[in-house]
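The residues making up each chain are set out below.
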Amino acid sequence: MITPVTLPLLGFAELCAASQTEGFAMLMRLEQHWQDGSNRFNKPGEILLAAWSGDELAGIGGLNRCPFDAHPQAARLRHLYISPAFRRQKVGLALVNALEAHAKLAGFHHLNTHAPETAFAFYQSLGFLPVTGQERLTHQKHLTPATHHNWQQ
């Protein structure tokens, strides 16, 4: 199940620790920015979603307006992380699909991401195209407008 969330969040500390064990700092930055108020996913069109397997937090990811793209309707996938225990079970797919659906309803033109190299194949399998020559952008996907939304996946 995919739901909109705010921090603090049950299971987030464990998910953050798992990401740090793998050498990723995105969830630590998510928590820091939430606590200092610099990013709470509360601007128009922004959202933070969690993927659940029963009561267990399986993954998290957010959607912000993209500060590194001059297009006024550019969105950015942020802090996407799936617990190692839930990888290859379509949790990441469900989370990105929900974020993409929300972006379409919010009127965004395209999605950007700055993914680690280990996630390149994942994003490309979802239709994101590689971008070169941009320091804070690795992949982009153009969106077509949507007409409905379904959080329960």
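Residues numbered from 1 in each chain as written. Predicted model: local features only at pLDDT ≥ 70, side-chain atom pairs only at ≥ 80, totals over all residues. Heavy atoms only, no water.

(A) The sheet that holds strand E5 (residues 110–113), seen in detail. With mixed pairing, seven strands are arranged side by side in an open sheet as E1-E2-E3-E4-E5-E7-E6. Each edge of the sheet is formed by a strand with only one pairing partner; in this case those strands are strand E1 (2–4) and strand E6 (129–130). Across two bridges, the pairing between E6 and strand E7 (residues 139–142) is antiparallel. Residue Pro-130 lies in a different strand from E7, and its bridge partner there is His-139. With respect to the sheet, helix H2 (residues 26–36) is in contact with strand E2 (47–53), strand E3 (56–65) and strand E4 (74–82), its orientation differing from that of E4 by roughly 120 degrees. (Pairing = 2+ DSSP bridges. Helix = DSSP H or I, 4+ residues; strand = E, 2+ residues; numbered from the N terminus. Contact = heavy atoms within 4.5 Å. Axes fitted to C-alpha atoms, helices over the stretch in contact; angles between N-to-C directions.)

(B) Here's a closer look at the pairing of E5. Alternating residues of E5 divide into His-110 and Asn-112 and Leu-111 and Thr-113, and every residue in both groups is buried. Here E4 pairs with E5 via three bridges, running parallel. Looking across to E5, one finds that Ala-74 is bridged to His-110. As a crossover connection, the stretch from E4 through helix H3 (residues 91–105) into E5 is right-handed. (Buried < 20%, exposed > 50% of the residue type's maximum accessible area, 1.4 Å probe, protein only. Right-handed = clockwise from strand over helix to strand, strands pointing away.)

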